Amino acid sequence: MSKPERHVFVCVQSRPEGHPRGSCGEKASLALFQGFQQAFEAQKLWGRFLLTNCGCIGPCHAGPSVLVYPEGIMYTGVRVSDIAVIVEEHLLGGKPVKRLFAEPEVWPNDV
Ligand code: FES
C-alpha cells in the first residue's frame, strides 16, 4: 500500500434525538459518505486517495463535516451535491474549495 495523496474523513457520528450537540448523522452524513464511496468507485480514486468514515471531528452544529489531509482542510455543511467539486478541485486539482470552508472560529483553514 502506498501513501495516499489525500485522505478524506467524513463524520458519520450520531447522537440520540434531542442531544444538545446534535450530530452530522442527523444531517444525512451517512448518505454523504456513501456518495463519496460511489465517486471514488466511479472515478477509480482508490489507491491514490483514502476515504474513511469517522466519529465527531468538532463542529457538530455545522455538519456534515469533512476533513481532508494532508492540508487539514475542514469543510462543513457538505451536501451530496458538493462531492463532485471537492473531488475535482481539491483531491484531483489540489485547490481546496473555499466556499465550503468551516468558519474560521471553528477551524483555521490556512491556505
Ligand atoms: S458530530 Fe460530526 S463533527 Fe461532531
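Residues numbered from 1 in each chain as written. Predicted model: local features only at pLDDT ≥ 70, side-chain atom pairs only at ≥ 80, totals over all residues.

A. Focus on the nonpolar core. If you look at the biggest cluster of nonpolar residues, it comprises 25 residues, and the most contacted ones within it are Val10, Phe36, Val66, Met74 and Tyr75. For this core, the secondary structure elements donating two or more residues are β1 (6–11), α1 (29–42), β3 (66–69), β4 (73–75) and α2 (83–92). In this structure Met74 touches Ser65, Leu67, Ala102, Trp107 and Asn109, once residues within four positions along its chain are discounted. (Core = buried A, V, L, I, M, F, W, Y, C linked by C-beta atoms within 7 Å. Buried ≥ 20, exposed ≤ 12 C-beta atoms within 10 Å, placed from the backbone. Helix = DSSP H or I, 4+ residues; strand = E, 2+ residues; numbered from the N terminus. Contact = placed C-beta atoms within 7 Å.)

B. Structural detail: α1. In this model α1 runs 20 Å from its N-terminal to its C-terminal C-alpha over 14 residues, within 8% of the 20 Å that 1.5 Å per residue would give. Within α1, burial applies to Ser29, Leu32, Phe33, Phe36 and Phe40. Each buried residue of α1 lies within a common arc of 100° when the element is viewed along its axis, so the set occupies one face. Residues of α1 that are exposed and point more than 90 degrees away from the buried face comprise Ala31, Gln38, Glu41 and Ala42. In the segment just after α1, Lys44 is the residue with positive phi, at about 50°. (Expected span 1.5 Å × (residues − 1). Arc of directions from axis to C-beta.)

C. How the structure looks around the sheet that holds strand β2 (residues 49–54). An order of β2-β1-β3-β4 is seen for the four strands of this open sheet, with the pairing classed as mixed. The sheet is open, and its two edges are formed by β2 and β4, each paired on a single side. Averaged over all pairs of adjacent strands, the angle between their axes in this sheet comes to 20°, without regard to strand direction. Across six bridges, β1 lies against β2 in parallel orientation. For Cys11, the partnering residue across the bridge sits in β2 and is Cys54. Each of β1 and β2 is contacted by α1, which is oriented at about 155° to β1, the strand it contacts most. (Pairing = 2+ DSSP bridges. Axes fitted to C-alpha atoms, helices over the stretch in contact; angles between N-to-C directions.)

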